[in-house]
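Take a look at the letters that make up each chain.
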Amino acid sequence: MKTYTIAVLPGDGIGPEVIAAAEHVLETVAERYGIRFALERFPIGAAAVAAAGDPLPGQTRAAVTRADAVLLGAVGDPSLDQAPRHLKPETGLLALRALLGVFANLRPVSVHPALAARSPLKPERLRGVNVLIVRELTGGLYYGEPRGREASRAVNTLVYTTVEVERVARLAFAAARRRRGLVTSVDKANVLEVSQLWRDTVTRVGREYSDVRLEHLYVDTAAMRLVAEPAAFDVILTENMFGDILSDEAAVLAGSLGLLPSASLGAGPGVFEPIHGSAPDIAGRGVANPIGAIASVALLLRHGLGLGAAAAAVDRAIGDTLVAGARTRDIAGAGETVLGTWEMGERIAEAVRRAEREVRNEGSSAHSAPPIPHSALE
Ligand code: NAD
């Protein structure tokens, strides 16, 4: 039996709490499906600065490069906000992405009907919302050189090459082909040369996918439409900084940052993590919502390891648990019983046992959401 090695990086704040719940679900998947996971824990972020003086220490680097997939909690510690760049927790995250070459960040956003009342948008606007944001992750403003800060002047640089745009565009088109067949590419081509290159390149790649419709939107219009008519989107393809902002905006639709997962993919091991940060305001109290981390486990199984049926069982278990009324504090309405992080993880792990049987009985439909083809990741 193959053993899948998963490098687990709990990180900071609520990271270790939500990751403990996610590991519990992975262990249940292992038991139900007869799969072996070797879960190996390593530090990242502020925890790694404290332990090794480096937000991505050598042992963590070595572990992630030899793993089959990486499961990450969150990084960030406000006490290090004024630290030099090489000691900031976020530097560890950027270095991890660069090290593994995970150039595409996928954030699926849907609104569970049981939680529609938690969203700030009217229920009729939320009907049918199912968006996949594909964000370029290793280029653009966050990595551009030169960069620098003087007393009264600072510089960051926005650079994209056609190769960087082509590979992430291919992934977005491949994903759209498996969904509703629409790519919305978001840029600022009326102002930025980089965006003009982006638009031209995406248009050219789009010709290879004649079965997928392509539309272009300026980022300001996209931001508006995301809340005005979110159900109109299928796949949103965009660059690093626009994607960072739009994906947090989209997260609001779901009702809580704690619900949403992400997958960062490249040719090597993928990084799977909830979209939220270390939430220092609630850390250490066992109240964080682990669903984003557990849904990231589903993405890890599907896109990281190609275990579609197990992924489908985890997704179904999350849905069933919400339908049964389980709520953490961030998604609880007045009078609803509130579960802690670990209890919510336990409920979902129990539901995996039932979901595994149902998915098995449904046969091939368990693979209804296949992985992105590997050819799109090279
Ligand atoms: P955050 O996502 O940590 O928290 C924003 C708000 O959402 C807080 O009120 C928090 O309590 C709530 N929240 C977040 N996750 C939750 C969960 N699972 N359950 C319930 N409530 C949840 O964002 P922030 O406060 O802007 O940032 C805190 C730190 O995290 C900063 O240091 C930041 O740099 C870092 N950060 C890291 C990542 C990452 O690791 N990928 C992403 C975003 C922010």
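I will try to describe carefully the structure that is included in this document. What you see is a predicted model; the values in this text were computed from it and never measured.

1. Notes on the site of the ligand
By nearness alone, 20 residues border the ligand, and Glu90, Gly277, Ala279, Asp281 and Asn289 come closest of all. With respect to the ligand, the backbone of valine 75 contributes an N or O atom lying 2.9 Å from an oxygen atom. Relative to its free-state accessible area of 810 Å², the ligand is covered by the protein chains to the extent of 68%. Considered class by class, the residues forming the shell around the ligand number nine nonpolar, six polar and five charged.

2. Details of helix H1 (residues 15-33)
Spanning 19 residues, H1 covers 26 Å between terminal C-alpha atoms, matching the ideal 27 Å at 1.5 Å per step. Directly beyond the C-terminal end of H1, a positive phi value near 60° is found at glycine 34.

3. As for the pattern of salt bridges
All told, the structure shown has 21 salt bridges when counted by the stated rule. In this structure, the salt-bridge partner of arginine 327 is glutamate 336, at a minimum N-O distance of 3.7 Å. Under the relative-accessibility criterion, glutamate 336 is labelled partly exposed at 32%. Among the charged side chains, a network of salt bridges with common partners joins Arg32, Glu356 and Arg360.

4. Observations regarding the packing of aromatic side chains
Within this structure, the stated rule accounts for three aromatic pairs. Seen in terms of ring centroids, tyrosine 4 and phenylalanine 37 are 6.2 Å apart; in terms of plane orientation they differ by 40°. Their pairing is tilted. Here phenylalanine 37 lies in strand S2 (residues 36-41) and tyrosine 4 lies in strand S1 (residues 3-11), a separation of 33 residues in the sequence. Judged by centre distance (5.1 Å) and plane angle (15°), the rings of phenylalanine 173 and tyrosine 209 are stacked. With a gap of 36 residues between them, phenylalanine 173 in helix H6 (residues 162-177) and tyrosine 209 in the loop between helix H7 (193-206) and strand S9 (213-218) connect regions that are remote in the sequence. The residues phenylalanine 173 and tyrosine 209 share a single accessibility class, namely buried. If you follow arginine 225 out to its NZ or CZ, it ends over the ring of phenylalanine 233, 5.1 Å from the centre.

Reading guide: rules and limits
Counting from 1, residues in each chain are numbered in the order their sequence is written. Only residues with pLDDT of at least 70 get local features here, since the model is predicted, and only at 80 or more are side-chain atom pairs given and counted; chain-wide, interface and lining totals rely on the full set of residues. By convention in this description, side-chain values take in all heavy atoms of the structure and omit both hydrogens and water. Note on terminology: near, applied to a residue and a molecule or strand, indicates that one of the residue's heavy atoms is within 4 Å of it. A 3.5 Å cut-off defines polar contacts: any pair of N or O atoms within that distance qualifies, except that in protein one atom must be a possible hydrogen donor and the other a possible acceptor, and neighbouring residues in sequence count only when both atoms are side-chain atoms. All accessibility values rest on the Shrake-Rupley procedure with a 1.4 Å probe; residue burial counts only the protein chains present in the view. All amino acids are sorted into three groups, where Ala, Val, Leu, Ile, Met, Phe, Trp, Tyr, Cys and Pro are nonpolar, Asp, Glu, Lys and Arg are charged, and the leftover types, Gly among them, are polar. Helix numbering and strand numbering both begin at the N terminus, where a helix is a DSSP run of H or I of at least 4 residues and a strand a DSSP run of E of at least 2. The length a helix should cover is 1.5 Å for every residue beyond the first. Definition used for salt bridges: Asp or Glu carboxyl oxygen within 4 Å of a side-chain nitrogen of Lys or Arg. For every residue, the accessible area obtained with a 1.4 Å probe (protein chains only) is divided by the maximum for its type, and the residue is called buried under 20%, exposed over 50%, and partly exposed between those limits. Aromatic rings from Phe, Tyr and Trp, taking only the six-membered ring of Trp, are treated as a pair when their centres fall within 6.5 Å; an angle between ring planes under 30 degrees marks them as stacked, one over 60 as edge-to-face, and anything in between as tilted. Any Lys NZ or Arg CZ found within 6 Å of a ring centre and within 35 degrees of that ring's normal is scored as a charge over the ring.

These results come straight from atomic positions and should not be treated as a statement about function.
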